[in-house]
Amino acid sequence: MILLDLIVGARPNFMKIAPIIREINRRIDRGETISYRLVHTGQHYDRNMSGSFFTDLDIPEPHVNLNVGSGTQAEQTSGIMLGYEKLLDQQKPDLCIVVGDVTSTMACAITARKMLVPVAHIEGGIRSGDRTMPEEINRIVTDSIADYFFTTSETANHNLLRSGVSKDSIFFVGNTMIDTLLHCRSKFRKPELYDEKGLKEKGYIVFTLHRPNNVDNPANLKHLLAEISETSRGVPLIFPVHPRTRKTLQNNGITISTSLHLTDPMSYLEFNYLVERSLAVITDSGGITEETTVMGVPCMTLRNSTERPETVTMGTNELLGTNPDAIAPAMKKLLAGNWKKGAIPPLWDGHTAERIIEIISKLFNRKTA
């Protein structure tokens, strides 16, 4: 019997691990000797993660919740490591699988390796080159100690090879986030605001913003919002507001244009219903740029670098940087209908989880044979 620990710490991690769970369950139903333990560190509390959240993704609720909660980077890291160490003392898996680049990814990878449990990193090798981002540190540390790497692109493969990882440990499999997107696409759910605001397909823009360098400085945030509102020519802007962003808006009395419609954060199915039908997306999120690329939706990213360059070189994404003055020419190109069409990167086909579990099954069955 192969036992896998599946580590999640924040809502996006569940989207990345959900297809892995479904594939394992499919193999269990087929009689294969494989099982898993879904471990939620509790790094992020999300009030949208109710029972319906797991139903929407077709996955069970976590077997274990370490309930680490909020805190500084060091507090969260130490809390996760202490909690996961106790769990490993009770039972060690054959493999610890971590996804993405949150604090939980790094902390559980370190804990597992110190307790002689091998680690596989899904989304291994992605790099932004920006070490001011905590996520970049998490990626580098995790990849420096992991045993197996499941990658989303050839660029990620090259990053790992350059850092000294053996090519025998690297498996180019595709993107589990896209597995989830394609699995759930037929279930996308219209949010109430769609009819309330009288939205029409390709007649509005979705806007998200949460990174510190965009939202923590009130003057910069105000400038960004003004530029986006003024250059969108009256096209409605739907703005699901991240708690961090809402705090800056409220604490500084920043006024909002009538074309900018603020909403609470949405469920996965509702948010992607909006994205799929939008004229474009403006964001500073990495994961959203992958989803827009697959759905063929124009995307503007308000960051100076990206760990997902394939969304720019192949997909529908353009990297604008954090200077608000870059928004006007990009918006002009969009509204003139001159945005690039883009293509879907290799192996972003909805079958990544199948490839991952097939590789793991072969690796560990061979070891126990």
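Residues numbered from 1 in each chain as written. Predicted model: local features only at pLDDT ≥ 70, side-chain atom pairs only at ≥ 80, totals over all residues. Heavy atoms only, no water.

> Looking at this model, I keep getting lost on the packing of aromatic side chains. Mind explaining?
Note on aromatic pairs: each is described by the distance of the centres and the angle between the planes. Tallied over the entire structure, the rule returns 8 aromatic pairs. Considering the side-chain rings of Phe-14 and Phe-54, the 5.5 Å spacing of their centres and the 75 degrees angle between planes classify their relative orientation as edge-to-face. Of this pair, Phe-14 sits in helix 1 (residues 11–29) while Phe-54 sits in helix 2 (residues 51–57), and the two are 40 residues apart along the sequence. On the basis of relative accessible area, Phe-14 is assigned to the buried category, the value being 0%. Centre to centre, the rings of Phe-207 and Phe-239 are 4.5 Å apart; their planes meet at 35 degrees, and the pair counts as tilted. Of this pair, Phe-207 sits in strand 8 (residues 205–207) while Phe-239 sits in strand 9 (residues 237–240), and the two are 32 residues apart along the sequence. We classify Phe-207 as buried; its relative accessible area is 0%. You can call Phe-239 buried: its relative accessible area is 0%. (Phe/Tyr/Trp six-rings, centres within 6.5 Å; stacked < 30°, edge-to-face > 60°. Helix = DSSP H or I, 4+ residues; strand = E, 2+ residues; numbered from the N terminus. Buried < 20%, exposed > 50% of the residue type's maximum accessible area, 1.4 Å probe, protein only.)

> Please clarify how the pattern of salt bridges should be interpreted in this entry.
Charged atoms that come close allow side chains of opposite charge to pair. Evaluation of the coordinates by the stated rule reveals 25 salt bridges. With its nearest N and O atoms 3.4 Å apart, the salt bridge here joins Arg-189 to Asp-56. Placement of Arg-189 in the loop between helix 7 (176–184) and helix 8 (192–196) and of Asp-56 in helix 2 is noted, with a sequence separation of 133 residues between them. Linking Glu-276 and Arg-185 is a salt bridge whose minimum nitrogen-to-oxygen distance equals 2.7 Å. Within this pair, whereas Glu-276 is found in helix 12 (residues 268–277), its partner Arg-185 is found in the loop between helix 7 and helix 8, the two being separated by 91 residues in sequence. One salt-bridge network, in which partners are shared between bridges, spans Lys-16, Asp-101, Glu-123, Glu-136, Arg-139, Glu-290, Arg-303, Glu-307 and Arg-308. (Salt bridge = Lys/Arg side-chain N within 4 Å of Asp/Glu carboxyl O.)

> Please explain unusual backbone geometry as it appears in this structure.
With the exception of glycine, the majority of residues adopt a negative phi angle, and the majority of peptide bonds are in the trans configuration. Even without being a glycine, Asp-58 presents a positive backbone phi close to 60 degrees. Here Asp-58 shows up in the loop between helix 2 and strand 3 (64–65). You can call Asp-58 partly exposed: its relative accessible area is 39%. In the Ramachandran plot, Glu-123 falls in the positive-phi region, its phi being about 80 degrees despite a non-glycine side chain.

> Just to check I follow, could you spell out the pairing of strand 4 (residues 95–99) for this structure?
On any regular strand, side chains alternate: one points to one face of the sheet, the next to the other face. Burial of strand 4 is extensive: 5 of the 5 residues sit out of reach of the surface. Residues Leu-95, Ile-97 and Val-99 of strand 4 are buried on one face, and the alternating residues Cys-96 and Val-98, pointing to the opposite face, are buried as well. Pairing geometry for strand 1 (residues 2–8) and strand 4, over 4 bridges, is parallel. Following the sheet pairing, Ile-7 is matched in strand 4 by Val-98. With 4 bridges joining them, strand 4 and strand 5 (residues 119–122) adopt parallel strand pairing. Note on strand 5: the bridge partner recorded for Cys-96 is Val-119. You can see the chain leave strand 4, run along helix 4 (residues 103–114) and come back into strand 5, and the turn it takes is right-handed. (Pairing = 2+ DSSP bridges. Right-handed = clockwise from strand over helix to strand, strands pointing away.)

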